[in-house]
Amino acid sequence: MNVLADRPRRLESYVGGVWTRGAKEGVALLDAATGAPVALIDSSGIDFAAALAYGREKAGPALRRMSFHERAAMLKALAQALMERKEEFYALSTATGATRSDSWIDIEGGIGTLFSYSSKGRRELPNTRVLVDGGVEALSRDDTFSAQHILTPLQGVAVHINAFNFPCWGMLEKLAPTLLAGMPAIVKPASQTAYLTELMVRRIVETGLLPEGAVQLICGSVGDLLDHVDGQDVVTFTGSAVTGRRLKTHPAIVENSVRFTMEADSLNAAVLGLDAGPGTEEFDLFVKEVAREMTAKAGQKCTAIRRVIAPRAHCDALITALDERLAKVALGNPADENVRMGPLASLGQRVEVRARIRDLGVDAEVVVGDPANPQVVSGDAEAGAFLNPILLYCGKPGAARSVHDVEVFGPVSTVMPYDAAEEAVELVKRGKGSLVTSVFTNDPDIAQELVIGMAPFHGRVLIGNRVSAKSSTGHGSPLPGLVHGGPGRAGGGEELGGMRGVKHYMQRTAVQGAPGLISAVTGRWIEGAPARADGEHPFRKSLAELQVGDQLVTATRTVTLEDIEHFANFTGDTFYAHMDEEAARANPFFDGRVAHGYLIVSFAAGLFVDPAPGPVLANYGVDNLRFLTPVYPGDVLQVRLTCKEINPRVNAEHGEVRWDCRVINQTGATVAQYDVLTMVAKTRG
Ligand code: NDP
């Protein structure tokens, strides 16, 4: 396929395992910089109900047969395959108006999200098909009735309706958690830039790495697709608030309580701290960040800074500094390597942006740039959707409305003054909920007041100062490990956030019953579930031989005062509770000198460890360590160690084993409880 052929190509949708053209010739999609046709788009005639059914029946079961680690490995292989083909995506991305660095955010940022979910998935999730959520709820005194929350993948299809500004990242940031959760997806890119998404999906399908139907693609309208969604499906939407509201109230979505995530308009702000006047590093960083956010992707980023809130005394200096910086931004054809900012995505978007700048004119005046006369270094200023950065100033932001209401989706920001920190917070809140706001200050008190004041209105807040200047990922970058989404006007949705994002595609269920049966469901041993001691030390067993519930009850050990003193002098931990009888007695928790908690843990290891070389390779940590009863000289310790969870690693000779470790005293009281984490070889070899 020659994606840059002279004749515009008819885009195809990938549904039901085949590439399909719409019944009609289609609408032309134009190159943002040259106005030349790039592709034709149409989806008429596609059987959308069949596409949903295909995903549910074909891909869903195949994905659910895989474990979290297998799906994570699949994401990594996919990311590697796409990275190898990245130059092809860059070449086509120019037509969207993106410069090389804009495309990097979209293409490599998107692929990076796959990599990130792959490694986080393998690190943070067990290698199972069921996810345990939280601890066991003990519902009976005798451990015969308990409860455990679990998460299982929804059995429908995730329909991802994406925006035009990130044809690759927009798809991949949603696909990564969806596929890791075990759900198939139907991707519907915004028409304007769908040719790039189509190319990437072609390459994804060609790899053969995903189960058939795990990703389907609709280029063009989704027709009656939403009429057919049900309670096991998920719909996510990124785009305008108007469309989002319409889809959110679609009868099938309302009737079937379909999970709907929306990421819409956002009047993101950046606040310059009262301490950060001209001459400070924070002032310079602020200028740089605002200019970067205005010009990256020509301001067509959901996270871009729309409102620049600065101390009144510094506004003039700020506007002058921004003017100087923005003047250096060469606007032109993104294929030209001297160009720093490309055009908007389409001429239609330019018409829209100019109209919205006029709306802002009710409350603000243009102080930098001319919306009507683009100055370009290359390309045709009229045939391409070019627009230079436009800075406005609103002198009375408290009384203004448009600057807090109108999202201008282009290289446009408005500077507004404030006098006191609480006023800055009030102005930020006038955005009615945003994806992100940043605060530039080097003053801890200002940081605290501003961040706590505005946090309930945001999905993310970035604090910028001289210390983080070099390492900061910046205001505009949603990161795979951090939540992306915001309350209120921003849509009320939440994406990414590491494993939080995976759980959006899973159902949480409280399972109640006898511990043994709960353990059978989750694959994780819990208190009260059957345990086995077959005479062989469980540390002698390979991963293949070991079973959940294998248990060791150790010999006993008496703790002496000499032990405590030896440990204290040996380690240097001579805390009075271990060394001074009188002072220890005065402590409300102790009746005299007590053993160190870490001495108990060390003795426990001495009791349960099997010393000879064997399948257990290493102890890599403990989780949830708690000391529950004081240990006094003369107390007798014993350990019960039970194999709690087994996680074989994909493509490795070992896996992780989690052991429930309970240390008791001579009365049977639990003195310490924790999970011991070990690496164990798959075979005895
Ligand atoms: P839209 O809301 O029109 O489109 C967003 C997505 O929804 C596209 O994939 C679009 O498909 C799809 N869509 C539109 N109508 C329907 C429908 N009835 N049923 C199902 N899907 C539908 O936004 P635009 O992309 O046109 O952008 C318009 C404005 O939205 C921008 O100017 C900007 O202000 C804002 N925006 C905000 C973003 C943010 O993240 N904050 C991101 C992008 C845009 P199609 O393209 O085929 O119509």
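Residues numbered from 1 in each chain as written. Predicted model: local features only at pLDDT ≥ 70, side-chain atom pairs only at ≥ 80, totals over all residues. Heavy atoms only, no water.

**Student:** Quick one: what's the story with the overall build of the protein, residue by residue and with numbers?
**Tutor:** In terms of regular secondary structure, the protein is built from 20 helices and 27 strands. Expressed along its principal axes, the backbone C-alpha trace of the protein runs to roughly 90 × 60 × 45 Å. Counting over 685 residues, the protein shows a buried share of 56%. For the protein, the share of sequence-separated contacts (at least 6 apart) that also reach a separation of at least 24 residues comes to 74%. For the protein, the accessible surface area stands at approximately 27900 Å², while carbon and sulfur atoms represent 52% of it. Across the protein, the mean location of the 68 positive side-chain charges is 4 Å away from that of the 80 negative side-chain charges. (Helix = DSSP H or I, 4+ residues; strand = E, 2+ residues; numbered from the N terminus. Buried < 20%, exposed > 50% of the residue type's maximum accessible area, 1.4 Å probe, protein only. Contact = heavy atoms within 4.5 Å. Areas by Shrake-Rupley, 256 points an atom, 1.4 Å probe, with all protein chains shown as cover. Lys, Arg positive; Asp, Glu negative; His and termini not counted. Charge placed at Lys NZ, Arg CZ, Asp CG, Glu CD.)

**Student:** Describe in detail the layout of surface pockets, supporting the description with residues and values.
**Tutor:** In this structure, the second largest pocket occupies an estimated 980 Å³ of space. In terms of lining, the second largest pocket is formed by 45 residues, of which the most central are Phe 237, Thr 238, Gly 239, Ser 240 and Thr 243. When contributions to the lining of the second largest pocket are tallied by element, the ones reaching two or more residues are helix H5 (169-181), strand S11 (234-238), helix H7 (241-248), strand S12 (259-263) and helix H11 (347-360). The biggest single contributor to the lining of the second largest pocket is H7, with seven residues. (1 Å grid on protein atoms, 1.4 Å probe; cavity = no way out; pocket = protein on both sides within 12 Å on 5 of 7 lines; lining within 4 Å. Points joined across faces, edges and corners; volume = space filled by probe spheres on them.)

**Student:** Tell me what's going on with the sheet that holds strand S5 (residues 37-41), and back it up with residues and numbers.
**Tutor:** Spatially, the three strands line up as an open sheet ordered S1-S5-S4, and their pairing is mixed. Where the open sheet ends on each side, the last strands, each with one partner, are strand S1 (9-10) and strand S4 (27-30). Sitting on the sheet, helix H6 (residues 194-207) is in contact with S1, S4 and S5, with an inclination near 75° to S5. (Pairing = 2+ DSSP bridges. Axes fitted to C-alpha atoms, helices over the stretch in contact; angles between N-to-C directions.)

**Student:** Outline the packing of aromatic side chains, supporting the account with residue identities and numerical values.
**Tutor:** Tallied over the full model, the rule gives eight aromatic pairs. Three or more aromatic residues joined by ring pairs make a cluster, and in this case those are Phe 539, Phe 608 and Trp 659. If you follow Arg 71 out to its NZ or CZ, it ends over the ring of Phe 68, 4.9 Å from the centre. The residue whose ring lies beneath Lys 297 is Phe 166, and the NZ or CZ to ring-centre distance is 4.9 Å. (Phe/Tyr/Trp six-rings, centres within 6.5 Å; stacked < 30°, edge-to-face > 60°. Lys NZ or Arg CZ within 6 Å of the ring centre and 35° of its normal.)

**Student:** If you had to explain the environment of Ser 378 to someone new, which residues and values would you point to?
**Tutor:** By secondary structure assignment, the location of Ser 378 is in the loop between strand S15 (365-368) and strand S16 (390-393). On the basis of relative accessibility, which here comes to 15%, the residue Ser 378 falls in the buried class. Along the primary structure Ser 378 and Trp 659 are separated by 281 residues, whereas in three dimensions their C-alpha atoms are 65 Å apart. Setting aside chain neighbours within four positions, we find Ser 378 in contact with Leu 331, Gly 332, Asn 333, Asp 336, Val 339 and Phe 386. Of note is the side chain of Ser 378, whose polar atom sits 3.0 Å from the backbone nitrogen of Asn 333. A polar side-chain atom of Ser 378 sits 3.0 Å from a polar atom in the side chain of Asp 336. (Polar contact = N/O pair within 3.5 Å; in protein donor to acceptor, adjacent residues only side chain to side chain.)

**Student:** Now, about the nonpolar core: what can you tell me, with residues and values included?
**Tutor:** Within the largest apolar cluster, 60 residues are counted, with the highest numbers of intra-cluster contacts made by Leu 82, Leu 172, Leu 179, Tyr 195 and Met 200. Sorting elements by how many residues they give to this core places H5 first, with eight residues. With 36 residues, the next largest nonpolar core counts Leu 360, Ala 385, Ala 424 and Ile 446 among its residues. (Core = buried A, V, L, I, M, F, W, Y, C linked by side-chain atoms within 4.5 Å.)

**Student:** Would you mind going over the site of the ligand in detail, with residue names and values included?
**Tutor:** Lining the immediate environment of the ligand, one finds 24 residues, of which Asn 162, Ser 191, Ser 240, Ala 264 and Cys 302 sit closest. Here an oxygen atom of the ligand and a backbone polar atom of Ala 190 are 3.4 Å apart. Here an oxygen atom of the ligand sits 2.8 Å away from a polar atom, N or O, in the side chain of Thr 243. Secondary structure elements with two or more residues in the shell around the ligand: S11 and H7. With three residues, the top contributor of residues to the shell around the ligand is H7. (Near = heavy atom within 4 Å.)

**Student:** Report on the pattern of salt bridges, specifying residues and quantitative values.
**Tutor:** Going through the model one piece at a time under the given rule, you end up with 42 salt bridges. For Glu 426, the salt bridge identified is with Lys 429, shortest N-O distance 3.2 Å. With Glu 426 and Lys 429 both in helix H13 (residues 421-429) and three residues apart, the pair spans about one turn of that helix. Arg 532 is the salt-bridge partner of Asp 550, the closest N and O atoms lying 3.3 Å from each other. Taken together, the positions of Asp 550 in the loop between helix H16 (515-522) and strand S23 (551-558) and Arg 532 in the loop between H16 and S23 put the pair 18 residues apart, joining distant regions of the chain. Salt bridges sharing partners connect three or more residues here, namely Arg 9, Glu 12, Arg 21, Glu 198 and Arg 202. (Salt bridge = Lys/Arg side-chain N within 4 Å of Asp/Glu carboxyl O.)

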